Amino acid sequence: MANSQDIAQDGGIRVPADVLRQLVSNTFVAAGCSADEAGRIGSYLTASNLSGHESHGVLRVPRYLHWLNEGNITRDQTITIDNDNDVLAVVDGNFGFGQTIGPQAVRLGMEKARKNGVALIGLRNSGHLGRIGDWAEMAAADGLISIHFVNTSGLGLLVAPFGGAERRMSTNPVCIGIPNAEGDSLILDFATSIVAEGKVLNAHGGGKPLPEGALIDGDGTLSTDPVLIYGASDSSQPLDVRTGTGAIRAMGEHKGSGLSFMCEILAGALTGSGCSRPGVKQLANGMLSIYVAPEFLNSEAGFAAELRDYVAFFRSANPAEVGGEVLCPGDAEKRNRVERLAEGVPLPSSTWQSLLSAAADVGMPSADIETARDAAVDC
């Protein structure tokens, strides 16, 4: 489980979750989004921080605003259904905010799976979808298994393939969600790179350092320096991944590289959203999602019983280290939520200042900004 020392290497602060959520929501209202959309952005980004996924949390706010100002993301969009039958749909996100487009695509898949036992949804041209675990949790809450393959065309070209030292893939998350009648759902959600790009961004801002060898320069030198991804950027300008000379490495050597390659094909080529490639200025997420109603394959009681028994058997393994424990997918996120809801969300000071500056830049009343600032406490 991440702690404040992991997150805030520069000292940092803690912000009550409701204050952070409201600050982000109000920022996007001031930027011209509807109250509903702004509320979704604030809720999903804050929820990512609560789960311990800083890489997809509130540090994204300045970048989202930059994309909005540049016309690379569009307010308050609705998915367009390009192809549709009982169990399959291909939908276009029209470059809307992922926090608006994602739930629409997931609801469509859930509706089809509920009627027919299974559904396949190809989403193309979405804005940044954020933490993909949100969409698996949404399906699991309705009793559905879901599997998601994601890629990023355009600005997502960041990851070197196994054996290579140049960018050829995006960070390409894979996510699987399993509903659990015994308690919280089991959610596996990971980038196929050693770290997500947002973790590099977090490290650049004074957060948790990158693991050894997470990055690679064009000459094959391994590194942990975020400058390899963003270049020696002007502090007055948003960080731009296109200015860096290095790449993030794929996780698990050839295995992670191969899985990332398949994400490019399934989420990029098959959905029509496009694979990672140079020369594209607009970010687009593609996502291929599979939804399964487990009772169509096994009785509801039979699936629940087998899952319960296996989770107990899995957890019963002797820990590899004294005082350690065996965790199921999603355990760390659940613990982070409990701790951070009680004690506040830890942020690097630079991230907090960037949020306050972004709020001021879009014209949020200074009194509201000061109210948020006053709620923050030092770690």
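Just above, that's the structure.
Residues numbered from 1 in each chain as written. Predicted model: local features only at pLDDT ≥ 70, side-chain atom pairs only at ≥ 80, totals over all residues. Heavy atoms only, no water.

A. Inspection of the overall build of the protein at higher detail. Within the protein one finds 13 helices and 14 strands. Computed over the C-alpha atoms, the radius of gyration of the protein is 20 Å, within 12% of the 21 Å expected from 2.2 N^0.38 for a compact globule of 379 residues. Along the first, second and third principal axes, the C-alpha atoms of the protein reach 55 × 50 × 50 Å. Looking at the 379 residues of the protein, the share that counts as buried comes to 50%. When contacts within the protein are restricted to residue pairs at least 6 apart in sequence, those whose partners lie at least 24 apart make up 70%. If you sum the accessible surface of the protein, you get close to 16300 Å²; carbon and sulfur atoms cover 53% of it. With 28 positive and 44 negative side-chain charges, the protein shows a spacing of 3 Å between the two charge centroids. (Helix = DSSP H or I, 4+ residues; strand = E, 2+ residues; numbered from the N terminus. Rg over C-alpha atoms; globule rule 2.2 N^0.38 Å. Buried < 20%, exposed > 50% of the residue type's maximum accessible area, 1.4 Å probe, protein only. Contact = heavy atoms within 4.5 Å. Areas by Shrake-Rupley, 256 points an atom, 1.4 Å probe, with all protein chains shown as cover. Lys, Arg positive; Asp, Glu negative; His and termini not counted. Charge placed at Lys NZ, Arg CZ, Asp CG, Glu CD.)

B. Quick peek at the pattern of salt bridges. Inspection of the entire model under this criterion finds 19 salt bridges. Between glutamate 54 and arginine 340 there is a salt bridge, with its nearest N and O atoms 2.4 Å apart. Of this pair, glutamate 54 sits in the loop between helix H3 (35-51) and helix H4 (61-70) while arginine 340 sits in helix H11 (residues 331-343), and the two are 286 residues apart along the sequence. On the basis of relative accessibility, which here comes to 0%, the residue arginine 340 falls in the buried class. Notably, a salt bridge pairs arginine 124 with aspartate 82, separated by 2.8 Å at the nearest N-O pair. Of this pair, arginine 124 sits in strand E4 (residues 118-126) while aspartate 82 is found in strand E2 (residues 80-84), placing the two residues 42 residues apart along the sequence. On the accessibility criterion, aspartate 82 (40% relative accessible area) is partly exposed. Members of the salt-bridge network, linked through shared partners, are Arg14, Glu54, Glu339 and Arg340. (Salt bridge = Lys/Arg side-chain N within 4 Å of Asp/Glu carboxyl O.)

C. Main features of the sheet that holds strand E13 (residues 345-347). The sheet built from three strands is open, its strands ordered E13-E1-E14 with antiparallel pairing. Strands with a single pairing partner mark the edges of an open sheet, and in this sheet they are E13 and strand E14 (377-378). As paired elements, strand E1 (residues 13-15) and E14 share two bridges and run antiparallel to each other. Following the sheet pairing, arginine 14 is matched in E14 by valine 377. (Pairing = 2+ DSSP bridges.)

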